[in-house]
Amino acid sequence: MEYIVVKGGTKLYGEVNTSGAKNAALPILFAALLAEGEHHFHNVPLLRDITSTERLLHHLNCQTTREGTNLCIRTSPPKDYTAPYELVSQMRASILCLGPLLAKYGEARVSLPGGCAIGSRPINLHIEPLKLMGAEIAIEKGYVIAHLPAKRLSGAHILFENTTVGGTENIMMAASLAEGTTVLENAAREPEIVDLAAYLKKMGAHIEGEGSNVITIEGVESLKPAEHTIVPDRIEAGTLLIAGAITGGQVRVENCVPADIQALIDKLQESGFTITSGENWVEIAAGSAGHGVDIHTIPHPGFPTDLQAQFMALMTQCEGASVITESIFENRFMHVQELMRLGADISLNARVAVVRGHPGKLEGAEVMATDLRASASLVLAGLVANGDTKINRVYHLDRGYEKLEEKLAGLGAIIERRK
Ligand code: EPU
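Structure report, in brief. Computed from a predicted structure; not experimentally measured.

Cut-offs used in this document
Residues numbered from 1 in each chain as written. Predicted model: local features only at pLDDT ≥ 70, side-chain atom pairs only at ≥ 80, totals over all residues. Heavy atoms only, no water. Helix = DSSP H or I, 4+ residues; strand = E, 2+ residues; numbered from the N terminus. Rg over C-alpha atoms; globule rule 2.2 N^0.38 Å. Buried < 20%, exposed > 50% of the residue type's maximum accessible area, 1.4 Å probe, protein only. Lys, Arg positive; Asp, Glu negative; His and termini not counted. Charge placed at Lys NZ, Arg CZ, Asp CG, Glu CD. Expected span 1.5 Å × (residues − 1). Polar contact = N/O pair within 3.5 Å; in protein donor to acceptor, adjacent residues only side chain to side chain. Contact = heavy atoms within 4.5 Å. Core = buried A, V, L, I, M, F, W, Y, C linked by side-chain atoms within 4.5 Å. Axes fitted to C-alpha atoms, helices over the stretch in contact; angles between N-to-C directions. Parallel < 35°, antiparallel > 145°, perpendicular 65-115°, else oblique. Nonpolar A, V, L, I, M, F, W, Y, C, P; charged D, E, K, R; others polar. Left-handed = near helix turned anticlockwise from the far one by under 90°. Salt bridge = Lys/Arg side-chain N within 4 Å of Asp/Glu carboxyl O. Pairing = 2+ DSSP bridges. Near = heavy atom within 4 Å. Areas by Shrake-Rupley, 256 points an atom, 1.4 Å probe, with all protein chains shown as cover. Disulfide = S-S within 2.5 Å.

1. Structural notes on the overall build of the protein chain
Along the protein chain, the regular secondary structure elements total 14 helices and 24 strands. Taking 2.2 N^0.38 as the reference for a compact globule, 419 residues should give roughly 22 Å; the C-alpha atoms of the protein chain span a radius of gyration of 21 Å, in line with that estimate. Projected onto its principal axes, the C-alpha coordinates of the protein chain cover approximately 65 × 45 × 40 Å. Counting over 419 residues, the protein chain shows a buried share of 57%. Once the 37 positive and 49 negative side-chain charges of the protein chain are each reduced to a mean point, those two points are 4 Å apart.

Okay, structure coming up:
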């Protein structure tokens with residue numbers, strides 16, 4: 001099995017590019033199911049969740065062709081409307097084919113994604129709104145079996161009891177082909193929602209309010225394929241910025257949207273780091289250092305749960321204490337035990353971790369990646385630990401980071417992948 005070895009102690013310097021956003025690309029690729037024909041996408045990152053999506057699309061009778069970061073999807077009516085267990089179990093976001101299949105073909109059979117390392121992750125907020133829109137949905141033998149008795153879904157007023165990114169995306173896609181108007185209240189406001197809305201609009205959808213917590217979708221009878229460039233990955237940009245911060249180097253992250261990581265920039269500045277930014281870049285100044293600050297993960301525009309693990313790695317290197325509260329997922333602290341294997345001083349109580357920072361005090365060791373962002377936090381810790389850190393199970397990292405080792409090595413990190 002592949003693993004990564006990082007030799008700590010090198011300050012990172014230079015410029016690094018951000019790739020396209022995984023979490024924007026996934027729903028947008030599934031949106032292709034809403035219109036038959038050729039969809040053209042650019043800036044699609046090369047990573048495992050994208051190839052898993054392509055595999056599911058192939059199963060649903062689509063063809064895909066990739067050249068670099070350009071991806072063309074040719075959709076035709078599926079022969080069977082099933083997202084099978086063996087594909088869904090590879091990637092939970094496969095549930096995003098439910099709304100498009102149901103809206104376009106009136107049928108969908110999607111394996112239940114189940115829980116994952118970071119929490120139980122139910123899908124009730126995907127299913128209940130579709131029922132309100134006229135779908136009949138049952139859970140049978142581990143599958144969501146959805147059927148539409150009418151010709152089209154009907155628009156509905158939906159109030160999400162919890163803010164859900166995937167739920168908002170699934171219903172926004174389904175509502176685009178529904179009859180009448182759908183209003184989503186307490187909708188997610190993430191930049192990935194805005195990017196999905198941008199693609200749906202190019203396909204001919206009528207959507208207003210994306211980026212706010214009320215989204216209105218006026219359904220249309222049909223949509224057409226279009227062309228789209230995926231937004232930059234804010235979580236990757238944030239991870240690279242933290243890599244600069246944790247090593248005390250000077251890193252300029254290019255081709256990103258600084259406004260999308262404002263919550264991180266604010267916290268880095270509150271901590272004492274010097275950050276400058278322009279329209280599409282953000283830079284951490286050489287030799288700046290921080291002290292412990294508290295973070296509380298909440299939906300966008302708050303501090304993102306997807307940067308919590310990486311920020312925790314940084315806090316182990318900042319003088320003073322930091323209280324980190326995870327309010328999105330109930331079990332997203334699996335990296336704590338692994339950071340402690342490197343010597344981090346962290347105490348954990350349910351959803352709250354207290355980190356006491358001791359700059360320069362981590363010692364390289366063998367650790368295990370438990371999920372995507374946890375893997376990134378271990379790589380970041382490895383950059384400053386004394387000696388070698390060996391990170392096992394890096395397949396988690398490959399789900400969501402494009403060439404992270406290459407990008408870090410380009411900034412001067414001593415890092416390599418071995419078998
Ligand atoms: N929730 C429910 N019922 C539902 C759906 C969600 O109770 O039907 C709960 C979840 O259990 C969680 C909260 O609502 O406690 C938020 O979950 P959300 O639906 O927003 O998460 P998601 O759509 O499954 C996406 C990202 C995650 C990211 C979260 C939160 C994608 C493909 N995934 O997941 O990204 O952490 O939003 O921002 O967009 C990652 O990239 O590492 C990752 C996990």
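2. Notes on helix H8 (residues 234-247)
Its 14 residues give H8 an end-to-end C-alpha distance of 20 Å, which sits within 8% of 20 Å, the value for a rise of 1.5 Å per residue. Taking burial as the measure, the 14 residues of H8 include 14 buried ones, the bulk of the element. The N-cap of H8, judged by a side-chain oxygen 2.9 Å from the amide nitrogen of Ile235 a few residues on, is Asp233. Gly248, located one to two residues past H8, shows a positive phi value of around 70°.

3. Focus: the side chain of Glu254
For Glu254, the position within the fold is in strand S15 (residues 250-254). If we ignore the near neighbours within four places in the chain, the residues touching Glu254 are Glu15, Val16, Asn17, Thr18, Asn280 and Trp281.

4. Observations regarding the nonpolar core
Ranked by size, the top nonpolar core spans 74 residues in total, and within it Leu130, Leu153 and Leu200 carry the most contacts. Setting aside chain neighbours within four positions, we find Leu200 in contact with Ala31, Leu34, Met172, Met173, Ser176, Ala205, Ile207 and Leu223. Counting residues in each nonpolar core, the second largest holds 64 residues, with Ile265, Ile275, Leu307 and Ala313 among its members.

5. Quick word on the environment of Arg351
Within the secondary structure, Arg351 is located in the loop between strand S20 (345-349) and strand S21 (352-357). Separated by 26 residues in sequence, Arg351 and Thr325 place their C-alpha atoms 5.7 Å apart. In this structure, Arg351 is in contact with Ile324, Thr325, Glu326, Ser327, Ile328, Phe329, Glu330 and Phe333, ignoring residues within four places of it in sequence. Polar side-chain contacts of Arg351 include one of 3.2 Å to the backbone oxygen of Ser327.

6. Focus on the packing of H8 against helix H10 (residues 308-315)
The relative placement of two packed helices comes down to the angle between their axes together with the axis-to-axis distance. Closest axis-to-axis distance for the H8/H10 pair is 10 Å, and the angle between their directions is 5°. If you check the angle between H8 and H10, you find them roughly parallel. Residue-level inspection shows Ile235, Thr239, Ile242, Ala245 and Ile246 of H8 in contact with H10, the latter providing Gln310, Phe311, Ala313 and Leu314. Its residues assigned to classes, the contact of H8 with H10 comprises seven nonpolar, two polar and no charged.

7. Remarks on the packing of H8 against helix H9 (residues 262-271)
Running from N to C, H8 and H9 cross one another at 15°; their axes reach a closest spacing of 11 Å. Viewed along their axes, H8 and H9 adopt a mutual orientation that is roughly parallel. Once H8 is placed against H9, the crossing between them reads as right-handed. Between H8, through Gly238, Leu241, Ile242 and Ala245, and H9, the contact on the second element is made entirely by Leu264, Ile265 and Leu268. Residues belonging to the contact of H8 with H9 are distributed by class as follows: six nonpolar, one polar and no charged.

8. Description of the side chain of Ser288
Inspection of the secondary structure assignment puts Ser288 in the loop between strand S17 (281-284) and strand S18 (295-297). A distance of 3.2 Å separates a polar side-chain atom of Ser288 from the backbone oxygen of Ala285.

9. Digging into the pattern of salt bridges
Pairs can form between side chains of opposite charge whenever their charged atoms are close. This model, assessed by the stated rule, comprises 21 salt bridges. Between Glu54 and Arg66 there is a salt bridge, with the nearest N and O atoms lying 3.8 Å from each other. Highlighted residues: Glu54 in helix H2 (residues 48-59) and Arg66 in strand S4 (residues 63-67), separated in sequence by twelve residues. Looking at Glu54, the relative accessible area reads 10%, which means it is buried. A network of salt bridges, in which partner residues are shared, links Glu2, Asp398, Glu405, Arg417 and Lys419.

10. Focus: the pairing of strand S7 (residues 107-111)
Pairing of strand S6 (residues 82-83) with S7, which is carried by two bridges, proceeds in the parallel orientation. Residue Ala83 lies in a different strand from S7, and its bridge partner there is Val110. Of the pairings in the sheet, the one linking S7 to strand S9 (residues 143-147) comprises five bridges and is antiparallel in character. In the strand pairing of S9, Val110 is matched with Val144.

11. Topic: the site of the ligand
Taken together, 23 residues form the shell around the ligand, and within it Asn124, Leu125, Thr164, Asp306 and Ile328 come nearest. A distance of 3.1 Å separates an oxygen atom of the ligand from a polar atom in the side chain of Lys22. Within the side chain of Arg332, one N or O atom sits 3.3 Å away from an oxygen atom of the ligand. Compared with its free state, where it exposes 830 Å², the ligand has 87% of that area covered by protein. Residue assignment for the shell around the ligand shows that the elements contributing at least two residues are helix H1 (22-31), helix H5 (124-132), helix H6 (165-176) and helix H12 (372-384). Here the shell around the ligand is built from residues that sort into ten nonpolar, eight polar and five charged.

12. Observations concerning the pairing of strand S8 (residues 136-140)
As paired strands, S8 and S9 are joined by five bridges and run antiparallel to one another. Its bridge partner lying in S9, Ile137 is registered against Ala146.

13. A short note on the state of the cysteines
Two cysteines joined by a covalent bond between their sulfur atoms form a disulfide. One pass over the structure, following the stated rule, counts zero disulfides. For Cys72, which is in no disulfide, the shortest distance to another cysteine sulfur is to Cys62 and amounts to 11 Å.

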